[in-house]
Amino acid sequence: MFDFESLNKDYSSPFTYQMKEDAPFVKISDLDEKEVYTLAILYINKKSKYGDHPVAGIKENDGTWISLPSHLVDTAKAILDNKEAIEAINKGECGIKVRKFHSDKFNRDGYSIDFVNLTTKWKTMV
C-alpha cells in the first residue's frame, strides 16, 4: 500500500532563533565589511521579481534580515539540506562576513559573503 503521509511537507522553520516581527531588511552593501555577523536563519525567497535568492537573518542589532546575492542559492540549499549545518547555526557557530568584489564581466562592484566558523573561544575574545 502506498504511504500517502510520506507526501506531507513540514513548513516550520528548522531554526530556533526568533526574529522580531519588525526586524529591518537591509542590503548586503549596508553591512560593515570589517565585522563578522552571527547567522541565525537562512531561507530561499522564491517570490522575488528577480528570481530565487537567499535571505539571511543575523542576530546583531537585535535581528536583521539581509538579502543575499542569487549566486549563493546553491550554497544556501546545501546548508538547508544539512541537519548538522542547521544545528551548528542554531548553536551560534556560523558567522558571515561581507566581501566586496569587482566583476570584470559587468564592469561593476558587487557584494557577497564568506562563511566564518565561530567557536566558543572566538566569541569570548570579541
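First things first, this report covers the structure right here in the doc. Here the structure is a predicted model, which is why all the values come from computation and not from measurement.

Ordered by their spatial adjacency, 6 strands build an open sheet running E1-E4-E3-E2-E5-E6, and the pairing between neighbours is mixed. Lying at the two open borders of the sheet, with one neighbouring strand each, are strand E1 (25-27) and strand E6 (108-117). Strand-to-strand twist across the sheet, computed as the mean angle between neighbouring axes with direction ignored, equals 40 degrees. Relative to E6, strand E5 (residues 94-103) is paired through 10 bridges, and the arrangement is antiparallel. By the bridge assignment, Lys 100 is partnered in E6 with Tyr 111.

This next bit is on the pattern of salt bridges. Under the defined criterion, the tally for this structure stands at 4 salt bridges. In this structure, Asp 109 engages Lys 100 in a salt bridge whose closest nitrogen and oxygen atoms are separated by 3.9 Å. You can call Lys 100 partly exposed: its relative accessible area is 41%.

Quick look at the environment of Glu 35 now. With respect to the helices, strands and loops of the structure, Glu 35 is situated in the loop between E1 and strand E2 (37-45). For the pair Glu 35 and Pro 24, spaced 11 residues apart in sequence, the C-alpha separation works out to 18 Å. Leaving out residues up to four positions away in the same chain, Glu 35 has contacts with Ile 96 and Lys 97.

This structure, assessed with the given rule, holds 2 aromatic pairs. Ring centres of Phe 2 and Phe 4 lie 4.8 Å apart, and the angle between their planes is 75 degrees; this geometry places the pair in the edge-to-face category. By relative accessible area, which is 47% here, Phe 2 ends up partly exposed. Accessibility expressed as a relative area gives 58% for Phe 4, which makes it exposed. Centre to centre, the rings of Tyr 43 and Trp 65 are 5.7 Å apart; their planes meet at 80 degrees, and the pair counts as edge-to-face. Separated by 22 residues along the polypeptide, Tyr 43 in strand E2 and Trp 65 in strand E4 (residues 64-67) bring together distant segments of the chain.

Right, let's get into the pairing of E2. For E2, the buried fraction is high: 7 of the 9 residues fall into the buried class. Alignment of E2 against E5, held across 2 bridges, turns out to be antiparallel. Within the sheet, the bridge partner assigned to Thr 38 lies in E5 and is Gly 95. As paired elements, E2 and strand E3 (residues 53-58) share 6 bridges and run antiparallel to each other. When the sheet's bridge partners are listed, Asn 45 is paired in E3 with His 53.

Reading the values: rules and limits
Residues numbered from 1 in each chain as written. Predicted model: local features only at pLDDT ≥ 70, side-chain atom pairs only at ≥ 80, totals over all residues. Heavy atoms only, no water. Pairing = 2+ DSSP bridges. Helix = DSSP H or I, 4+ residues; strand = E, 2+ residues; numbered from the N terminus. Axes fitted to C-alpha atoms, helices over the stretch in contact; angles between N-to-C directions. Salt bridge = Lys/Arg side-chain N within 4 Å of Asp/Glu carboxyl O. Buried < 20%, exposed > 50% of the residue type's maximum accessible area, 1.4 Å probe, protein only. Contact = heavy atoms within 4.5 Å. Phe/Tyr/Trp six-rings, centres within 6.5 Å; stacked < 30°, edge-to-face > 60°.

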